[in-house]
Structures are given as structure tokens and as C-alpha cells.
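# Examining the three-dimensional arrangement
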Amino acid sequence: MYTCFRQIVTTLALMVAAGSAMARTQNAAWQDSITEYIESQINNGPLKGAIVGVCAVKIAGNDGGKQLVAYNASTRMVPASNMKLVTTGAALHAFGPEYRFETGIGYSGKIGPDGTLKGDVYIIGGGDPTIGAADSTAYKADALFWKWKTLLANAGIKRIDGNIIGDGSAYEGGLENIGWEYGDVWTYYAAGTDALCFYENTIDLQVSAGASVGDKVNMTQTYPETPWLQIENRGVTGPAGSGNSLLMQTSDLSSKATLTGTYAIDRRPKREQAANKYGALTCAHEFYKNLKVTGWEVTGTYKTPDQVGGDGVTIIGHTQSPTLARICRKTNYDSDNFYAEAIFRAMGEAATEIAAYDSCLVAINEVLEDIVPGKSGGIVQKDGSGLSRASSISPEWMAGYLAAMAGNKAFVETLPHPGEGTLSALKNLEARNFRIKSGSMGGTLCYSGYVLDQEGNPALSISIMTNNLGCKLPEARKVLEQVLLLLSRQN
């Protein structure tokens, strides 16, 4: 009987060993297929001349933390909007998903017995990027203004013999990162953040071609109103097929702006957006308008703190933003640069009470050291959104970071599935198999995130990065989509 039992044990051991050997062979074949495909696209495909890096890390099980795929994985590359994964994850780790930005409402002067405030009303920014934003994450501006008016009424204020002050002074430093490209800082996607913002610090313009080539383009500012801003229209109607190169140049040092560039005569009218350097003043103006429309008497106008003297401010209450989890979800789903930079600057303000970019970098590095200790060599971060081309991340670092964040459910749920948000162009991937974030700019295309198991939990953390692309992004996207498919076959 003992001999029979020993034979059974030996047979089972051999079967297990054979199964393990077969699994190793299958894994090797899977890894080889990915490497061979990437090299074929570098040697003879759309990725010729590009820098490509791939890394996949097993998250759970006996091999948890093991690199399953590593192709040029330690080379740091420009991550573009994959940087938002770092910013949102670090913020959720530091603040928690229920964190909310606060905006203070206060007043200077005194309230008379008849409810007349002899002084100014203050809107004191606390970094909330959603004020007046048009997306579904944000509260509607009128609803938020109603809360502010309720705070005023509860304080006994019925009439304002003074001004509405938009106060964004809590944040130090410039609005934009000094490392952003010169041409970006006037665009809607590089609008700078401050402690008090409105409508993601952008301005909507309605533009259309003139009657003939060489005529001025037709331009009307539609929302929000910025009466102090003088826009000189130098936009020219271009010949058919010449496209759209309109750009509105603005500055926080001057109340003048210039619309330049051309707009082809065969293009339809459209909405253009430009950066607004006066978010705090715009917020004050919009609240001022709302007060007047809803029957409040305001004898003054709208200003910023530097435009008035004034005594101390009495705070009468605060309103809160949506949760950080919701804001981070919007940031990653739609690759919202403005929200990402606001989150980034909030980390600096919370850690050092200084929201200038150098302080923000100190703050986020401390959080990352807590998430992925001793791994600082794989990342150089310059901003929150990935607009800076001076930032770089290795696929190895990104995959390791994502593996460390896999247990943070709130973070994982900020990532879109294929077919959602900025992943709408990924047509051939099964949505339930992935949660990933895209990142793209000229010559760069990246995808980082998770391959999911059958229960929808992260099984692999993955990072695919390409720089120096010579092909068009749709061609590169098809190649990277195939790499994603190959990666999902391990699960």
C-alpha cells in the first residue's frame, strides 16, 4: 500500500511539473509573440525609427509583482497624458476619494440693520477647478451661485453697497508651467489654473470665414463675458483647403488680446476656445451678473483684491466641489489638462502652503515615495497633465506604479474602458478586458493601465510608450491596439 501511495504522489508531482513546464513554455511563446510583433513594426512597419517601450507586470497570485513582458522597458520617454495617471493616483492616495475643494464666501465692512452691506462680497478660491465648468461632473453655475446667495442671506445681507471680489490669491506662482511650449499657453487645452477659476479658464468664440479670401474672419465672443478684455481681430479668411490656424493670444499682464491666423473659406462656422488669464475676475463678474438678474441690488462692480483696499474679510461659509474621485474620473476619461493641473497644484498647496510648481513637485515626490519606495529614477515629472515635453517616465516605472495602485479601487475606476472618453478610437478591443489611459501629442502615443480578469479586477498592469513617431497617429494606434490585444491573451 505504501509503494502504491508513493507511486501516486510521484505521478502527481510529475504531472504538476509537466503542467508548470507547459505554462512556462506558453508564457515564453506569449512574450516572444509580443516582442516579435513590436520589432516587425519597428523594422518594416509604421513604427520605423520610433522609440518603443513595453512593460507588463503580474498583479496577483504567486507571480504578483513579476515582470512578464519587458521590451526597452527602462528607457524614460515622454508620457504625454499618461502623466495624469501619476497625478490622479497620487492625489487619491494622499487626499482620499471623498476629498472636496472648498470655496469661501465672505465680506468686508459692516452689515447695517436694514441688511445693507457697506463693503464688498468676497469669493475666496480654494482651488476648485469645477466652478462654472460645462461638464457633467461640475455643479451648474446657477446652482452654485444660489448657494452663495443663501450664505449671504443667512448672514443678514440683503443689499450690497460695494463690489463683488474674485479672490484667487491663495495660489502663488504663474498660471502656467514655464516648461510648456510657447504656442500652447494661449490655447484652451493649456489654460492655467488658479485658486479661483471659472469655466476652466477658457473663453468661447464663434468664428466663420469672411465673404472672400483675404477678408477678416467673423468672430464673436459668446461665453463667458469678459468686458475688460479688448480683442483685436487679425484673423484672415484663407483659401479653400487651407484649414484652421486661428489662435487668440492673451496675457495676464495686459487686458488686450489678438486673434491671429487663418480660417479657410470652405470651412463651416464653429466654436473656438482660448485661454482666459482672468479666471477670478470672470467668476466675480458672472456672480455679479447673477445677483443683478435675480433681484439683488449691487451698487459697485466686480474686481479682484488688488483693485481694492479693504479691511479684513469675515468668512460666512463655504461651498464644496464634487468629490476628488469624480474629478479624477473626469480627468482621466476625457484627459482634462485643466483638472489635472488643478489637482497637481492642490497637492503643493496642501503640503507646503505654496502652490507654485516647484512646491508641487516636492509634494508629489513625497507621495510617490510612499506608493513606490525607492523608484524615483524611472520618472521625471514637471507638471500634472503631461503637457511638458521635459517630463519622462519609463514603461517599467509606470507598470510598477500601476501595480502598486491596483488595490485603490477609486483610482482604478477613474480609467476608461476602450470605447469610452479618449479611447473611443479603439474599435477592436473588448471593453471589459481593459481599463487604460491614452496619452498623445506630436510624435507620441502611449497607453497605460490594466488588463482585467473575468471578475473585472486588475490582473496585469501595462504600459506601452512610443516616442519619435514618423507615422500618423491613427497608424500607430492600430499597431498599439494589436499589442494591447496580445497582452490581454495572457489573462
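Before reading on, note that the structure itself is shown above.
Within each chain, residue numbers correspond to sequence positions counted from 1 in written order. In keeping with the model being predicted, local features are shown solely for residues with a pLDDT of at least 70 and side-chain atom pairs are shown and tallied solely at 80 or more, while totals for entire chains, interfaces and linings include all residues. Values shown for side chains rest on all heavy atoms present in the structure; no hydrogens or waters enter the calculation.

## Some remarks on the sheet that holds strand β19 (residues 314-320)
Note the following rule: In short, DSSP must find at least two bridges between two strands for them to pair. Numbering of helices and strands runs from the N terminus, with a helix taken as a DSSP run of H or I at least four residues long and a strand as a DSSP run of E at least two residues long. Should any heavy atoms of two residues lie within 4.5 Å, those residues are counted as being in contact. In this description, a line fitted to the C-alpha atoms serves as the axis of each element, helices being fitted only across the stretch in contact, and the angle between N-to-C directions of two axes falls anywhere from 0 to 180 degrees.
Reading across from one edge, β18-β8-β6-β3-β19 is the order of the 5 strands in this open sheet, with mixed pairing throughout. Two strands close off the open sheet at either side, each with one partner strand: β18 (302-303) and β19. Alignment of strand β3 (residues 102-107) against β19, held across 6 bridges, turns out to be antiparallel. Looking across to β19, one finds that G104 is bridged to H318. On the sheet, helix α3 (residues 141-154) packs against β3, β6 (121-124) and β19 and is oriented at approximately 150° with respect to β19. Across the sheet, helix α4 (residues 279-293) is in contact with β6, β8 (164-167) and β18; its angle to β8 comes to roughly 150°.

## Things to note about the sheet that holds strand β23 (residues 444-452)
Across the sheet, which stays open at both edges, the 5 strands sit in the order β2-β1-β24-β23-β22 with antiparallel pairing between neighbours. Looking at strand neighbours, the two that pair on one side only are β2 (67-71) and β22 (434-441), the edges of this open sheet. Each adjacent strand pair in this sheet contributes to an overall mean axis angle of 5°, direction not counted. Contacts from helix α10 (residues 473-488) reach β1 (51-58), β2, β22, β23 and β24 (458-467) within the one sheet, and its direction differs from that of β23 by about 20°.

## Some words on the packing of helix α2 (residues 83-95) against helix α8 (residues 395-405)
Test applied: Roughly parallel covers angles under 35 degrees, roughly antiparallel covers those over 145, roughly perpendicular covers 65 to 115, and oblique covers all other angles. A crossing counts as left-handed when the near helix is turned anticlockwise from the far one by less than a right angle, and as right-handed when that turn is clockwise. In this count, Pro and Cys sit with the nonpolar residues alongside Ala, Val, Leu, Ile, Met, Phe, Trp and Tyr, while Asp, Glu, Lys and Arg are called charged and the others, Gly among them, polar.
In contact at an axis separation of 11 Å, α2 and α8 are set at 30° when each is read in the N-to-C sense. For the element pair α2 / α8, the angle class is roughly parallel. Here α2 runs over α8; the crossing is left-handed. Touching L85, V86, G89 and A90 of α2 are W397, M398, Y401, L402 and M405, all from α8. Of the residues assigned to the contact of α2 with α8, the class counts are 8 nonpolar, 1 polar and no charged.

## Observations regarding unusual backbone geometry
Comment: phi is negative for the bulk of residues other than glycine, and the bulk of peptide bonds are trans. Here the residue pair Y223 and P224 is connected by a cis peptide bond, since its omega of -20° sits within 30 degrees of zero. Checked against the element boundaries, P224 lands in the loop between β10 (218-223) and β11 (230-233). Positive phi, close to 55°, is recorded for N201, a residue that is not glycine. Residue placement: N201 occurs in the loop between β8 and β9 (202-208).

## Describing the environment of L361
As for its position among the elements, L361 is in helix α7 (residues 357-371). For L361, the residues in contact, after removing those within four places along its chain, are F344, Q381 and K382.

## Some points on the packing of aromatic side chains
Counted only if it meets this: Stacked, tilted and edge-to-face are the three classes assigned to paired rings of Phe, Tyr and Trp, where Trp is represented by its six-membered ring and a pair needs centres within 6.5 Å; plane angles under 30 degrees give stacked, over 60 edge-to-face, the rest tilted. Working definition: with a 1.4 Å probe on protein chains only, accessible area under 20% of the residue-type maximum means buried, over 50% means exposed, and in between means partly exposed.
Taken as a whole and assessed by the stated rule, the structure comprises 16 aromatic pairs. Aromatic pair F145 and F198: ring centres 6.4 Å apart, planes at 10°, arrangement stacked. Of this pair, F145 sits in helix α3 while F198 is found in the loop between β8 and β9, placing the two residues 53 residues apart along the sequence. For the pair shown, F145 and F198 are each scored as buried. Consider the rings of F145 and F287, whose centres lie 5.4 Å apart with planes at 45°: the pair is tilted.

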